[in-house]
Amino acid sequence: MASSPSPEKQSTSPEVGTRSSDIETSVENQSIEKSSVQEVPDDLNTFPEGGTRAWLVVAGAAAALFSTMGYANAFGVYQEYYQSHQLSHETPSAISWIGSLQLFIMFASSVVSGPLFDMLGHKIIWPSTIAYVFSLMMTSLCKHLWQFILCQGILGGFSMGMILGPAMGATGHYFKQKRAAAMGIIVAASSCGGVIFPIALSHLLAHPSLKFAWTVRILAFIILALLSLTCIFSKARLPPRKGRFFLPEAFKDASYTTMIASIFFLLMGMFIPFFYLPSYAIEHGMSTQLANNLVSILNGASFFGRVVPGLIANKVGKYNVLSISGMSTSILIFCWTHTHTNASIIVFSALYGFCSGAIVSLMALAFMSTAKDPKDIGTYYGMGMGVSSIAALIGPPINGVLLTRYGGFDQVGIFCGVTVLVGALGVLVSKHFAGNKLLSLE
């Protein structure tokens, strides 16, 4: 006689079936959740590498660098004009503090603008643009050194940096493999500004019906129109980063900290011709008009120096190109004080513009490439530039002191040549800490 199933088995079978179905449902839900979670990082980590929106961001960043760094590159014209007009009673070293403060704060403020961009997006460009144009209008009214330092040096430099950080960071959201080329195009725009602004500035200042005040105001209106494009085109692609404002753990990365030190030495020495080349040329018999155009020649050659090395860096490596550019710049600085004729000074300006242009183009790329998460690009760039920019503050005044102390440019050339060479060699050390062999294409 067949035995009937026990009551215990009858009562447990439905429970087991229910549990197994619940487990299957839970597993299915978890797999769906995992797939949805994985889809977001995949989308975020996939860089467009082009497209209409990406190239509009590049155009907006190019307009930003044209109007900020390109304008700052024209300070050599201001330096010569101030020495012979409003600030003729001041020493060259004291006047150079205006430009050095502007450069320092422009780069140093990236330590604020970079993290702000990561956390708030591109919206910080609008108030920064208003502040920058306001600083130009106030500069047109200045009469004394302390006024120029406040308006042109401090406020102008800070507002420039608050525009640069978001513009550069937004570009990093759209490119990875082509980032060196994109950065080269953007930074090349500052060379165009460095060509146009000195020529426009020198011609407007020499115009009999225009004075200093309206010369600066005309440039301010031009800059306002260009930065309007930056405000419209510069858009962040990645969602805002949440958490801490700074990322101090980045300084534990030996490659990152060594790169900061290398850029520090490169910046300390490389800007000397931008400040003193017109004065040097006039001292050796060049006309004032031609001497002021030397900065434009330098920046014109820098256009190719910022585009071509960026394209080459995609093939042979950013570390290699940055180091070679630094060594070439150092050699040219050592040769600078041996140029005495108009022709030799003009040739030096062109060669120096090409070699030093790659440094400006690749230093931002070097900082951005060390970020492990694309959403941290702005912060890594900002912290790196913030620390290394101290060199731009102390470099020109040191050169001014050497110039006043020794009465010539020989000691200035030696100091700047050595510091740039140290920076170029430091890039190779950073490459080693990044895990790359010395001769590798990285």
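Residues numbered from 1 in each chain as written. Predicted model: local features only at pLDDT ≥ 70, side-chain atom pairs only at ≥ 80, totals over all residues. Heavy atoms only, no water.

Caption draft 1: Fine view of the packing of aromatic side chains. Tallying each qualifying case throughout the model produces 23 aromatic pairs. Aromatic side chains Phe 303 and Phe 304 sit 5.3 Å apart centroid to centroid with 90 degrees between the ring planes, which places their arrangement in the edge-to-face category. Among the aromatic residues, ring-to-ring pairing joins Phe 66, Tyr 71, Phe 75, Tyr 78, Tyr 81, Tyr 82, Phe 148, Phe 197 and Phe 212 into one connected group. Arg 217 extends its terminal NZ or CZ atom over the ring of Trp 214, reaching a point 5.1 Å from the ring centre. (Phe/Tyr/Trp six-rings, centres within 6.5 Å; stacked < 30°, edge-to-face > 60°. Lys NZ or Arg CZ within 6 Å of the ring centre and 35° of its normal.)

Caption draft 2: Seen up close, the nonpolar core. Tyr 71, Tyr 78, Tyr 82, Ile 98, Phe 107, Met 168 and Leu 322 are the most contacted members of the largest nonpolar core, which totals 121 residues. Once you skip the residues sitting within four places of it in the chain, Tyr 71 turns out to touch Phe 66, Tyr 78, Gln 102, Tyr 132, Leu 136, Met 160, Phe 197, Val 216, Leu 219 and Ile 223. (Core = buried A, V, L, I, M, F, W, Y, C linked by side-chain atoms within 4.5 Å. Buried < 20%, exposed > 50% of the residue type's maximum accessible area, 1.4 Å probe, protein only. Contact = heavy atoms within 4.5 Å.)

Caption draft 3: Examining helix H7 (residues 125-139) more closely. For H7, with 15 residues, the first-to-last C-alpha span of 21 Å sits near the 21 Å given by 1.5 Å per residue. Ile 125, Ser 128, Thr 129, Tyr 132, Val 133, Ser 135, Leu 136, Met 137 and Thr 139 are the residues of H7 that are buried. Close packing links the buried residues of H7 with helix H2 (52-67), helix H3 (69-72), helix H4 (75-84), helix H8 (145-172) and helix H10 (212-233). (Helix = DSSP H or I, 4+ residues; strand = E, 2+ residues; numbered from the N terminus. Expected span 1.5 Å × (residues − 1).)

Caption draft 4: Focus on the environment of Gly 153. Here Gly 153 is to be found in helix H8. Once the C-alpha coordinates of Gly 153 and Leu 101 are considered, the two residues, 52 residues apart in sequence, prove to be 5.1 Å apart.

Caption draft 5: How the structure looks around the confidence of the model for the protein. Overall, the predicted model of the protein reaches an average pLDDT of 82, with 89% of residues at or above 70. Per-residue pLDDT stays below 50 along residues 1-20; that stretch engages in 1 contact with residues further than four places along the chain or on separate chains. Here residues 23-42 scores under 50 on pLDDT; set against residues more than four positions off or in separate chains, the count is 0 contacts. (pLDDT = per-residue confidence, 0-100.)

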